[in-house]
Amino acid sequence: MSHDEPLIEVIKPGLATSVQDRGRQGYYHLGIPPSGALDQYALAAANLLVGNPEDAAVLECTLMGPELRFTRAAVIAVTGAAMTPKIDGQAQACNTALAVPAGARLSFDFVQAGARACLAIAGGIDVPEVLGSRSTYTLGAIGGFDGRRLQAGD
């Protein structure tokens, strides 16, 4: 498989899954808020567990996680809300690095506590930076993946 092919295919997007990082600072005077992960500790922890810089982009999953198919092997970590990740239906631990084999599906149980989980992937989420951040700002349709929450087929 070519590494030009996306690593992740979105099967189901979850309730409100978006790309977030630490956010963009210094643009409020233009009407652009920082955006960024709401749980900055979970963002940093997830990234550190997979060997990324603390501020690398992650998928922030709100209340209901997505279902994703991995086209090649990856290392992930889920932190923040208690939303048990499942690899091909098998429950996995949060707050630790997990190996996802090529072709595997990642899904999540319903949230047990908290509201937002951070899903970090070793190597980060490769979307363009907008004003110094990869964070999604949906009202302004900038950042993240096409300036919006994830959708099936992304």
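Just above sits the structure.
How each quantity is defined
Residues numbered from 1 in each chain as written. Predicted model: local features only at pLDDT ≥ 70, side-chain atom pairs only at ≥ 80, totals over all residues. Heavy atoms only, no water. Helix = DSSP H or I, 4+ residues; strand = E, 2+ residues; numbered from the N terminus. Contact = heavy atoms within 4.5 Å. Areas by Shrake-Rupley, 256 points an atom, 1.4 Å probe, with all protein chains shown as cover. Lys, Arg positive; Asp, Glu negative; His and termini not counted. Charge placed at Lys NZ, Arg CZ, Asp CG, Glu CD. Pairing = 2+ DSSP bridges. Salt bridge = Lys/Arg side-chain N within 4 Å of Asp/Glu carboxyl O. Buried < 20%, exposed > 50% of the residue type's maximum accessible area, 1.4 Å probe, protein only. Axes fitted to C-alpha atoms, helices over the stretch in contact; angles between N-to-C directions. 1 Å grid on protein atoms, 1.4 Å probe; cavity = no way out; pocket = protein on both sides within 12 Å on 5 of 7 lines; lining within 4 Å. Points joined across faces, edges and corners; volume = space filled by probe spheres on them.

Time to look at the overall build of the protein chain. On a plain count of helices and strands, the protein chain comes out with one helix and 10 strands. Seen in sequence order, the protein chain has helices and strands lined up from the N terminus as β-β-α-β-β-β-β-β-β-β-β. Each of the three principal axes of the protein chain carries a C-alpha extent, and together these read 45 × 35 × 25 Å. At a minimum sequence separation of 6, the contacts of the protein chain that also span at least 24 residues come to 67%. Working note: accessible area of the protein chain is about 7500 Å², and carbon and sulfur atoms make up 54% of it. Charge separation in the protein chain, taken as the distance between the mean sites of 11 positive and 15 negative side-chain charges, equals 4 Å.

Before going further, it helps to examine the sheet that holds strand E4 (residues 67-70). Spatially, five strands are ordered E1-E4-E9-E6-E7 in an open sheet, and the strand pairing comes out antiparallel. Only two strands of the sheet have a single partner each, and these edge strands are strand E1 (8-12) and strand E7 (90-91).

Turning to the pattern of salt bridges, a few remarks are in order. In this structure the tally under the stated criterion is eight salt bridges. Glu67 is the partner of Lys12 in a salt bridge, and the nearest nitrogen-oxygen pair spans 3.9 Å. With a gap of 55 residues between them, Lys12 in strand E1 and Glu67 in strand E4 connect regions that are remote in the sequence. A relative accessible area of 52% places Lys12 in the exposed class. A salt bridge links Arg148 to Asp146, with the shortest nitrogen-to-oxygen separation between them at 3.7 Å. Using a relative accessible area of 21% as the deciding quantity, one classes Arg148 as partly exposed. Since its relative accessible area comes to 59%, Asp146 is described here as exposed. Here the salt bridges share partners, and the residues they tie into one network are Lys12, Glu67 and Arg105.

Here we come to the sheet that holds strand E8 (residues 98-100). Strand order in the open sheet made by the five strands is E2-E3-E10-E5-E8, with antiparallel pairing throughout. Of all strands in the sheet, those bounded by a partner on one side alone are strand E2 (18-20) and E8. Direction aside, the axes of adjacent strands within the sheet are offset by 35 degrees on average. Pairing between strand E5 (residues 74-82) and strand E10 (residues 113-121): six bridges, direction antiparallel. Across the sheet, Ile76 pairs through a bridge with Ile121, a residue of E10. Contacting E2, strand E3 (58-62), E5 and E10, helix H1 (residues 40-49) runs over the sheet at an angle of about 155 degrees to E5.

Looking now at the layout of surface pockets. Its volume calculated, the largest pocket comes out at about 470 Å³. What lines the largest pocket is a set of 22 residues, among which Pro6, Leu7, Ile8, Ile125 and Asp126 lie closest to the centre. One number sums up the size of the second largest pocket: a volume of about 270 Å³. Around the second largest pocket sit 13 residues that line it, and Ser18, Gln20, Gly36, Glu60 and Thr136 are the ones nearest its centre.

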